[in-house]
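An overview of the molecular structure
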There are 2 protein chains.
Amino acid sequence: MSKVTLKDVAAASGVSYQTVSKVLNKQATVSPETEERIWEAARQLHYRPNVSARNLRTQSSNLIGYAWQRAADESPRPILDQFLYNAVLRFEQAGYHVLTLLTGATEEMDVTIYRELYGRRQVEGFILADTNHDDPRIAYLIEQNIPFASFGRANDAWDFCWVDVDGRHGMRIVVEHLLAQGHRRIGLITWPEGSEAGAHREAGYEDGLAAAGIALNPQWIVRGENTVQTGAEGTTRLLDLPAGERPTAVMCISDFIAIGALNAARAAGLQPGPDIAITGYDDLPMSQFFHPPLTTVHQPIAEVSLQLAELLLQQINNKPIAKKGILLNPRLVVRESSMR
Amino acid sequence: MSKVTLKDVAAASGVSYQTVSKVLNKQATVSPETEERIWEAARQLHYRPNVSARNLRTQSSNLIGYAWQRAADESPRPILDQFLYNAVLRFEQAGYHVLTLLTGATEEMDVTIYRELYGRRQVEGFILADTNHDDPRIAYLIEQNIPFASFGRANDAWDFCWVDVDGRHGMRIVVEHLLAQGHRRIGLITWPEGSEAGAHREAGYEDGLAAAGIALNPQWIVRGENTVQTGAEGTTRLLDLPAGERPTAVMCISDFIAIGALNAARAAGLQPGPDIAITGYDDLPMSQFFHPPLTTVHQPIAEVSLQLAELLLQQINNKPIAKKGILLNPRLVVRESSMR
DNA sequence: ATCAGTATTGCGAACGTTCGCCCGAACGTT
DNA sequence: AACGTTCGGGCGAACGTTCGCAATACTGAT
């Protein structure tokens, strides 16, 4: 049971072990009889190639690294899990496996794990997520010329492979939907400044208002971490504005925040939908079951991971890459939380 | 930049490459000066050991396989993600990395992926989740004597390493809580028969009723897949029972089902909590933000993954194992959905 | 009968480590 | 002055593949 090698198969079928290797890799010109004999022996002995030996010889590993970033607050990220699932799916089709790494809290340390894994030839490339402006990981990977592709953009000047969902467009269509519902005073609960994705989505909010000729009111914008509590406190603050300035609709930059907004609105005696419109962003699996069901923006996650995998595989195999950056469109999902 | 090997470091420091290996692995008796010279050269040249070569020589891979099962309905499993995160954390501390595999829909095919990966010496062991009675994967791994540890039990007669959360106890404390609230007619919405975890939880439900001297009413038990819809339909069915038999409390076997129950109860004009008690199981991150917040059972997931990793590492390193099965206690989390 | 040409298979080498054993020199001991 | 001991380090071998080229046998044509 222990370990059967090429030599064992060779001995069993009466040829040299190198010939066995060639036959098993379908790159030999041998007589049909010996070929069958070899295959039969391999089957009988349950031969499996040793990946370490193969990798050493071929100077490859067929492994992709994906570093999982976990926020300090332990909040899970259903989006990323779905993302990971689909990426793994694509990579396995291409004969690659995915190594799941963990990345610490400190940004500086991040780079070491990429450096080590690639330096040791353990992985052939990386998939990144949760990227940000001036992301040190991206800077490092570009500089070292290490194959990678990221979910999310970074600095515009940097030249690398990425796939992103157009948050600017996503937020804009939310605004347009709310305008169509007759809303004129629209609040926004968003993340702290400094987030690349956040900046794009905020731009979409501004675009939408500007297109409708509505002047931006700074008091309509509230910031906080990506928590339910932020949504609750932000909504309370917006509702405390004087009647003439108080928003009749609240856009949240994530479903997580939106659920806090829903709760706070109800606590204030308002029924989300008829009394105040509330929208989210991400379309978490649960969001359709909130009370009321949440209007939100759905991102084509499966498509993102597919394209990302494609980009990375092309780099690894030195294929020409048509377009390094791919921007996908999200889709508005209207539910009761924004219907009068 | 390409690839610097032991020989390069040896040439730079004027010793044989085997000596460099020993020094870098801290198992050499050399003079302090040469040692420092070697380290310095390794640092300057950015030497990183080639894992394939090392693995080939040492007959190890320092890799653990974890096969991710995805339900056909695409529903994500936040619990499992949290589980995976903590397991990876522990393994990385021990110098292992985790390979994330995908497992198809068909149960038979499952075994091949385990067979291949272990046979090719790509991984040294496996972590399993979502186990069931007569699980073919477990049967195979036991038979082949492949190191593994599973989240969840299987057949009692099988001897293998597992960690589980005591669902029987979990459901029982829910019953006791409801009894204390004055409920006597308690419904149960559960999975289809044939689930190991389901059977344990159902037993806890029965235990609790029996201890209180309440006869089990078959009509109180409704079954369906693990979806929100099941919860909604099940609740409606329970509420349709004649007044004398109609449950005043509905226990759900998962939070997913419970959210459907909450919605259906409200749709029937009942306020969850005062009018009808509803409980879940799992304590999803979102559950505390439902409307009303959901009473549920919290599982010590981080502890589960820690113990699981420990069990697997002990097997791999041929350490003696004190206890092959570890049963952890869950914790009741009382929220408004079950408070009058 | 000789020769080129092709079909089949063998062989040496290399990928980059780790491990056990050997060897020379320096040391102190009897 | 001869003899173990220890220290510092070198050397051969092996882990299991893949790959290019060499070698043999067999085919058909001249």
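Shown above is the structure to which this text applies.
Nothing here was measured: the structure is a model prediction, and the numbers come from that model. (Residues numbered from 1 in each chain as written. Chains lettered and ligands numbered in written order. Predicted model: local features only at pLDDT ≥ 70, side-chain atom pairs only at ≥ 80, totals over all residues. Heavy atoms only, no water.)

Now for the overall build of chain A. Along chain A, the regular secondary structure elements total 12 helices and 12 strands. Compactness check: chain A gives a C-alpha radius of gyration of 26 Å against a globular reference of 20 Å for 340 residues, more than 25% above the reference. A fraction of 68% describes how many contacts in chain A between residues 6 or more apart in sequence connect residues 24 or more apart. Roughly 15,000 Å² of accessible area belongs to chain A as shown, and the carbon and sulfur atoms make up 50% of that amount. Both charge centroids of chain A, one from 32 positive and one from 39 negative side chains, sit 6 Å from each other. (Helix = DSSP H or I, 4+ residues; strand = E, 2+ residues; numbered from the N terminus. Rg over C-alpha atoms; globule rule 2.2 N^0.38 Å. Contact = heavy atoms within 4.5 Å. Areas by Shrake-Rupley, 256 points an atom, 1.4 Å probe, with all protein chains shown as cover. Lys, Arg positive; Asp, Glu negative; His and termini not counted. Charge placed at Lys NZ, Arg CZ, Asp CG, Glu CD.)

Regular strands show a simple pattern: their side chains alternate between the two faces of the sheet. Residues and elements named next belong to chain B. Side chains of strand β5 (residues 162–165) alternate between two faces, with W162 and D164 and V163 and V165 buried alike. As paired elements, strand β4 (residues 148–151) and β5 share two bridges and run parallel to each other. Paired with S150 across the strands is W162, a residue of β5. (Buried < 20%, exposed > 50% of the residue type's maximum accessible area, 1.4 Å probe, protein only. Pairing = 2+ DSSP bridges.)

It is worth spelling out the interface of chain B and chain A at this point. Taken residue by residue, the interface counts 52 residues in chain B and 51 residues in chain A. Between chain B and chain A, roughly 5,000 Å² of surface is buried when both sides are summed, and carbon and sulfur atoms account for 63% of that area. Linking chain B to chain A there are two salt bridges. When the shortest N-O distance is used, the salt bridge between A:E116 and B:R48 registers 3.5 Å. Counting every contact that joins chain B to chain A gives 11 residue pairs in polar contact (both at pLDDT 80 or more). Listed by contribution, the elements that provide at least two residues to the side of chain B that touches chain A are α4 (51–58), β1 (63–69), α5 (78–93), β2 (97–103), α6 (107–119) and α11 (255–267) of chain B. As defined by bridge partners, strand β2 (residues 97–103) of chain A adjoins β2(B) across three bridges and the pair is classed as antiparallel. Directly across from A:L99, in β2(B), lies its bridge partner B:L99. (Buried area = accessible area lost by both parts, 1.4 Å probe. Salt bridge = Lys/Arg side-chain N within 4 Å of Asp/Glu carboxyl O. Polar contact = N/O pair within 3.5 Å; in protein donor to acceptor, adjacent residues only side chain to side chain.)

This next bit is on the protein's contact with DNA strand C. Around DNA strand C there are 30 residues in total, and A:S16, A:K22, B:S21, B:K22 and B:R57 lie nearest to it. A breakdown of the atoms of DNA strand C within 4 Å of the protein gives sugar and phosphate a share of 51%. The side chain of A:Q59 places a nitrogen or oxygen atom 3.4 Å from a sugar or linking oxygen of DNA strand C. A distance of 3.5 Å separates a base nitrogen of DNA strand C from a polar atom in the backbone of B:A53. Secondary structure elements with two or more residues in the surface near DNA strand C: α2 (17–24) and α4 (51–58) of chain A together with α2 (17–24) and α4 of chain B. Along the lines of polarity and charge, the residues of the surface near DNA strand C split into nine nonpolar, 14 polar and seven charged. (Near = heavy atom within 4 Å. Nonpolar A, V, L, I, M, F, W, Y, C, P; charged D, E, K, R; others polar.)

Attention shifts here to unusual backbone geometry. All names here are of chain A. Residue P292 is reached from H291 by a cis peptide bond, and omega for that bond is -5°. Within the fold, P292 resides in the loop between β9 (277–279) and β10 (296–298). A positive phi angle, close to 60°, is found at H46, a residue other than glycine. With respect to the element layout, H46 can be found in the loop between α3 (32–45) and α4.

Another point: the side chain of A:T190. All names here are of chain A. With respect to the helices and strands, the residue T190 is situated in strand β6 (residues 186–190). Looking at T190, the relative accessible area reads 0%, which means it is buried. Within the structure, T190 has its side chain in polar contact with the side chain of E202 (distance 2.9 Å). Excluding its chain neighbours within four sequence positions, the residues that come into contact with T190 are E202, I221, V222, R223, G224 and I253.

Read from one edge to the other, the open sheet built from 12 strands follows the order β11(A)-β5(A)-β4(A)-β3(A)-β1(A)-β2(A)-β2(B)-β1(B)-β3(B)-β4(B)-β5(B)-β11(B), with strand pairing classed as mixed. A single partner strand is all that each edge strand has here, and the edge strands are β11 (325–328) of chain A together with β11 (325–328) of chain B. Pairwise comparison of adjacent strand axes, ignoring direction, gives a mean angle of 20° for this sheet. By the bridge criterion, seven bridges tie strand β1 (residues 63–69) of chain A to β2(A) in an arrangement that is parallel. What sits directly across from A:W68, in β2(A), is A:L102. Running at roughly 165° to strand β4 (residues 148–151) of chain A, helix α12 (residues 301–316) of chain A makes contact with β1, β3 (125–128), β4, β5 (162–165) and β11 of chain A of the sheet. (Axes fitted to C-alpha atoms, helices over the stretch in contact; angles between N-to-C directions.)

In the superposition of chain B on chain A (RMSD 0.1 Å, axial shift 0.0 Å), the rotation amounts to 180°. With respect to symmetry, the two chain copies, as superposed, fit the operation of a two-fold axis. Both copies contact each other with a shared surface, as 98% of the interface residues of chain B are interface residues in chain A too. (Least-squares fit on C-alpha atoms with pLDDT ≥ 70 in both.)

Residue and element names in this part refer to chain B. Residue alternation in β4 divides its side chains into two sets, F148 and S150 and A149 and F151, and both sets are buried. Sheet topology places strand β3 (residues 125–128) next to β4; three bridges connect them, and they run parallel. The partner of F126 across the bridge, within β4, is F148.

Inspection of the region around DNA strand D gives 30 residues, with A:S21, A:K22, A:R57, B:K22 and B:S31 positioned closest. Taken together, the sugar and phosphate atoms account for 51% of what DNA strand D places within 4 Å of the protein. Here a phosphate oxygen of DNA strand D sits 2.8 Å away from a polar atom, N or O, in the side chain of A:Y47. Measuring from a phosphate oxygen of DNA strand D, one finds a backbone N or O atom of B:S16 at 3.0 Å. For the surface near DNA strand D, the elements supplying multiple residues, two or more each, are α2 and α4 of chain A together with α2 and α4 of chain B. Among the residues making up the surface near DNA strand D, the classes are represented as nine nonpolar, 14 polar and seven charged.

Residue and element names in this part refer to chain B. Within α2, burial applies to V20, V23 and L24. Each buried residue of α2 sits inside an arc of 90° when the element is viewed along its axis, so together they form one side. On the buried face of α2, the contacting elements are α1 (6–13) and α3 (32–45). (Arc of directions from axis to C-beta.)

Let us look at the nonpolar core. Considering soluble globular proteins, one finds that nonpolar side chains tend to be buried as a cluster. Ranked by internal contacts, the top residues of the largest apolar core, which has 78 residues, are A:I186, A:M251, B:I186 and B:M251. Contacts of B:I186, omitting those with residues within four sequence positions, involve B:V175, B:L178, B:L179, B:Y205, B:L209, B:W220, B:P247, B:A249 and B:M251. With 60 residues, the next largest nonpolar core counts A:A149, A:I301, A:L313 and B:F83 among its residues. (Core = buried A, V, L, I, M, F, W, Y, C linked by side-chain atoms within 4.5 Å.)

Read these as geometric descriptors, not functional statements.
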